[in-house]
Amino acid sequence: MNFNSHTDAVVSVAVALVNLLTPGEDRGRGYQPPEGDERTAAGAAELCFVAAELREVFEAVDTGAIDDAAAQVNALLIRTGARPELERHDGQSWHLHFHAASESLPAGWAAGCATGLAVVLGGDLHDRLGVCTAPRCDRVYVDTSRNGTRRYCSTSCQNRVKTAAFRARLT
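Procedures and definitions
- In every chain, residue numbers begin from 1 and rise along the written sequence.
- Local features in this predicted model are restricted to residues of pLDDT 70 or higher, and side-chain atom pairs are both shown and tallied only at a pLDDT of 80 or more, whereas totals for entire chains, interfaces and linings draw on every residue.
- Only heavy atoms go into the side-chain values, all of them from the structure, while hydrogens and water stay out.
- Helical segments are the DSSP runs of H or I of at least four residues, strand segments are the runs of E of at least two, and each set is numbered from the N terminus.
- Classification of residues uses two cut-offs on accessible area relative to the type maximum, computed with a 1.4 Å probe and protein chains only: under 20% is buried, over 50% is exposed, and between them is partly exposed.
- Charge counting treats Lys and Arg as positive and Asp and Glu as negative, with His and both chain ends excluded.
- Within this document, salt bridges are pairs made up of a side-chain nitrogen of Lys or Arg and a carboxyl oxygen of Asp or Glu, the two lying within 4 Å of each other.
- Polar contact is the term for a pair of N or O atoms within 3.5 Å; when the atoms are in protein, one must be able to donate a hydrogen and the other to accept it, and sequence-neighboring residues count only if both atoms are side-chain atoms.
- Residues count as neighbours in contact if any of their non-hydrogen atoms are within 4.5 Å of one another.
- Nonpolar cores were defined as sets of buried Ala, Val, Leu, Ile, Met, Phe, Trp, Tyr and Cys residues, with membership established by side-chain atoms within 4.5 Å.

Caption draft 1: The arrangement of the side chain of glutamate 87 in detail. Along the chain, the position of glutamate 87 falls in strand 3 (residues 83–87). For the buried glutamate 87, no salt bridge exists, and the shortest N-O distance to an oppositely charged side chain is 7.6 Å, to arginine 83. Side chain to side chain, glutamate 87 and histidine 99 meet in a polar contact 2.4 Å long. Once residues within four sequence positions are removed from consideration, glutamate 87 is found in contact with Ser93, Trp94, His95, His97 and His99.

As structure tokens, then:
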């Protein structure tokens, strides 16, 4: 299951930003995003803000609130001034990229991720965005499986749940 190469890439970046830069739980443990010296890149605070906005999209889709997810994506598109541009690079054919009105790195990624999520939400595959259903995990994912039945952010969470269910059956 592929949206298209650029959409796949920016939606994957959205997942990575949310999972790296938002607090919560990860595979059964509390998770805090990097701080201080661990987070030295220019615009890191703004990227954390973007990640929090993107998390709201995934959480809304996960609860079936597609209208709320769309409203959040539209707000991101407006805030970043996302604009389409055809580009060709790395031996690829012409394809659509989206850039922010400003040249800042965080705004550019916010515009690209918002546009990728808009493509997903505007199609039949919006239910492929999800939040891990494992206990004590709230990381997000994009279900790229053929049958669209993914429920966990990782094999680790899937194995934790299956192991707990197996142990519960033994008792």
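Caption draft 2: View of the nonpolar core. Ranked by size, the top nonpolar core spans 28 residues in total, and within it Leu17, Leu54, Phe58, Leu117, Leu121 and Leu129 carry the most contacts. Elements that contribute at least two residues to this core include exactly helix 1 (5–21), helix 2 (44–62), helix 3 (66–80), helix 4 (105–121), strand 5 (129–131) and strand 6 (140–142). At 9 residues, the largest contribution of residues to this core is made by helix 2. With residues up to four places along the chain from it excluded, the contact list for leucine 17 reads Thr22, Leu47, Ala51, Leu54 and Cys113. Counting residues in each nonpolar core, the second largest holds 7 residues, with Cys137, Tyr152, Cys153 and Cys157 among its members.

Caption draft 3: How the structure looks around the pattern of salt bridges. Tallied over the entire structure, the rule returns 8 salt bridges. Residues arginine 128 and aspartate 143 are paired through a salt bridge, measuring 4.0 Å at the closest nitrogen-oxygen approach. Note that arginine 128 is positioned in the loop between helix 4 and strand 5 and aspartate 143 in the loop between strand 6 and helix 5 (155–170), a separation of 15 residues in sequence. Taken together, the salt bridges that share partners define one network made up of Arg55, Glu59, Asp138 and Arg139.

Caption draft 4: Seen up close, unusual backbone geometry. Of note in the backbone geometry, arginine 27 takes a positive phi value of approximately 55 degrees without being a glycine. Relative to the assigned elements, arginine 27 resides in the loop between strand 1 (24–26) and strand 2 (29–31).

Caption draft 5: Highlighting the side chain of glutamate 53. As for its position among the elements, glutamate 53 is in helix 2. Ignoring any residue separated from it by four or fewer positions in sequence, one finds glutamate 53 in contact with Gln72, Leu76 and Arg79.

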